[in-house]
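# Structural characterization, general
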Amino acid sequence: MARMAPTLAQLFALLKNDEPSDDSEIGILFGTSPEILQAESPAGANELSVREAEVAEWLLDLQYKDSSVSATENESSSPEKDSDPLNKEGSKAIEKSPDYIEIYPYLVKPSGSSKNASPKSEEKYLISEKGSLESKEKQKESEEQSLISISEGGLESKEEEESLEKAWDSSEKGEAPTPKPKKSVRMKCNENVSVSVSVSVSEIPSMSKLMTLKSCPSVGMSLESFDQIDSSPMFRSNGAGGNGESNAMVEEAWELLKKSYVYYKGKEVGTLAAMDPSAETLNYNQVFVRDFFPSGLACLMKDPPEPEIVKNFLLKTLHLQGWEKRIDNFTLGEGVMPASFKVLLDSHRLKETLIADFGGSAIGRVAPLDSGFWWIILLRSYSKCTRDYALVELPEVQRGMKLILNLCLSDGFDTFPTLLCADGCSMIDRRMGIYGYPIEIQALFYFALRCARQMLKPERGGKELIERIDKRITALSFHIQQYYWLDFTQLNKIYRYKTEEYSHTAVNKFNVIPESIPDWVFDFMPLRGGYLIGNVSPARMDFRWFLLGNCIAILSCLATGAQATAIMDLVEERWEDLVGEMPLKIVYPALEGHDWRTVTGFDPKNTRWSYHNGGSWPVLLWLLTAACIKTGRPQIAKRAIELVEQRLSKDGWPEYYDGKTGRYIGKQARKYQTWSISGYLIAKMMIENPSNLVMISLEEDKRIANPRLTRSASFPP
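Overview of the structure. (Residues numbered from 1 in each chain as written. Predicted model: local features only at pLDDT ≥ 70, side-chain atom pairs only at ≥ 80, totals over all residues. Heavy atoms only, no water.)

## Quick word on the pattern of salt bridges
The test is simple: Within this document, salt bridges are pairs made up of a side-chain nitrogen of Lys or Arg and a carboxyl oxygen of Asp or Glu, the two lying within 4 Å of each other. Each residue gets one of three labels from its accessible area relative to the maximum for its type: buried under 20%, exposed over 50%, partly exposed in between, using a 1.4 Å probe on protein chains only. Helix and strand definitions follow DSSP, with helices as H or I runs of at least four residues and strands as E runs of at least two, each counted in order from the N terminus.
What the rule picks out here adds up to 15 salt bridges. Here Arg 326 and Glu 324 are joined by a salt bridge, their closest N and O atoms 3.8 Å apart. Taking the relative accessible area as the measure of exposure, Arg 326 reaches 44% and is therefore partly exposed. Since its relative accessible area comes to 60%, Glu 324 is described here as exposed. Asp 569 serves as the salt-bridge partner of Arg 528, at 3.4 Å between the closest nitrogen and oxygen. Placement of the pair is Arg 528 in the loop between helix H20 (519-524) and strand S11 (530-532) and Asp 569 in helix H22 (residues 561-573), with a sequence separation of 41 residues. With a relative accessible area of 35%, Arg 528 lands in the partly exposed category. You can call Asp 569 buried: its relative accessible area is 0%. Taken together, the shared-partner salt bridges connect Arg 528, Asp 569, Glu 572 and Arg 633 into one network.

## Description of the nonpolar core
Let me state the cut-off plainly: Only buried residues count toward a nonpolar core. Its members are Ala, Val, Leu, Ile, Met, Phe, Trp, Tyr and Cys residues joined through side-chain atoms within 4.5 Å. Note on definitions: a residue-residue contact is assigned when non-hydrogen atoms from the two residues lie within 4.5 Å.
Counting 160 residues, the largest nonpolar core has Trp 375, Ile 376, Leu 620, Tyr 680 and Ile 696 as its most contacted members. Not counting chain neighbours up to four residues away, the residues in contact with Tyr 680 comprise Ser 246, Met 249, Val 250, Ala 253, Leu 621, Ile 641, Val 644, Glu 645, Leu 648 and Trp 653.

## Some remarks on the pairing of strand S8 (residues 340-346)
Put simply, the test is: Strands qualify as paired when DSSP identifies two bridges or more between them.
Across two bridges, strand S5 (residues 287-288) lies against S8 in antiparallel orientation. Within S8, the residue paired with Phe 288 across the bridge is Ser 340. Here S8 pairs with strand S9 (residues 351-357) via seven bridges, running antiparallel. Within S9, the position partnered with Val 343 by the bridge is Leu 354. Counting the residues in the hairpin turn of S8 and S9 gives four residues, including Leu 350, whose phi is positive at 50 degrees.

Next comes the structure, spelled out in structure tokens:
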């Protein structure tokens, strides 16, 4: 006698029943004798969970086979129909919903089954697998669920332009920008439960959506999916997604970051550089533009975000940009941004005042060339996080960007698209031989140009400036990719260069003398990998590795896809040199002996493998993490984060470490350094939620005519 498949009404009635049914009822329903059930079912097994798994298998099969089931029958037989994601009518309603879709992968049909399989083969599978299904159900209940969400959002309608003072006043009132409601697609899954399934994407309509989700895009992949990630609490963990010790470290970091806040007229406007009570204050009690960048980024990535401090910082530094800037009898350019500022309280007048430093109080009396670039990049990150595009469109904000860019794009005697810089104008703010055209400044310049290109309005001279930006980024990308790139193949070519070449046919365009190549480069350069060297100028190539410049080049797409991959290859190949025991080397290798004396001028703070001269800086961890995620190599970042978690908190969050492998706390390192704290937090939040990458990363601009990489053969196609 042929067995009939149970109806939906029967299946749901079985699930609804709170009391365990006898074996005969189950056998009748699935066409199986009670004797078989009793023989193959373990004693004391939870029959309800077994029936749930069995019914789920039949429900999936009935989605394709039993299309004649009416909605009336489902409604009358199952009050829980709407909550069942695999119910036929409920599944259609959910799939059509613009807001939410749920899929349970552990209920997918088993390997080897198909929608054309007979009920007999199905029942044999269900009975024989009863014990394993029970154990998987128990394991499923005890293990942690993860949530992947994709959200879609568009630009909000632009608000009317308001003045800078009105924006500041609204910030004083605590008016925060309201994020736009987002659409979401969610998949519940259990990463720790391995379920053997074999099902095609075409069989399950919702599965085609899931197959496009990737946690880490490779180089050149679109970041649009990251731009649509929902900010749900289960997805954004503020970095506390590891073990207990790691979570305690994250909580400590957030507390310390909060304590570093600087207030002006009752509002937070930045973070102190360091809070070391055992060391002399010097200028570590100030808010540095470059130091605040990772702090602001951490506040934007936090769940829920805290964008107010970032907005206040952007407006206050913009206000300081308008001050008259004089060093001795010389007036600086109008667009120069301050290196730092601090809040002073007049005890007699009970009034707070701001004091800004534009380089006049710095060690080398050099204006901070990178401050304006960090400010533009942070402005773009803020608008990307909050969708507060009204702030970007303020006339004062537009004018501030134009002043910065006009300083950099002004006509001169330059024959290169790169920016000419003095020593000490960036993070390496002491004499370290980076004068000329350092890769750090060029990468930040390119990044800021592209960010400004997205935010500038064509009105009031903006159109002409945008045209100048387009020309500059095209020329700059070509110059960096062609002349700064070094791998094994290119090193061999430079080694064989001829000198004293003239005309446009010259191969050795900068007349670099091959004998000037330092010996360490030949041992350092692996067969697989490459990097952007530190500096290129007439008759000079600085072959040192600078992490910040290379990571920013990856995030801004200044480096090509092949170059970005080769940079990550180099980090892996030379892990002991570039990472060691404490991430990460700011520059490699260190200057020693005669080179140290002539280049640094006997600088006692920049001795070999210390501070800027080969020291290890934990703050750079967030840059490496972002570059790893963008290139699809998160395992590199996870390995570096594990190293940091072993010591950073126990050592008191120092500014930098000394030694060839970064084993020792820096000789003059301040403890409780704010950007060491925020750099760790960003790395943790990014590795646990890669969607944060969109705040600090750009996609490749197809309008830029990227030259074909013909001189690099280090990375196989």
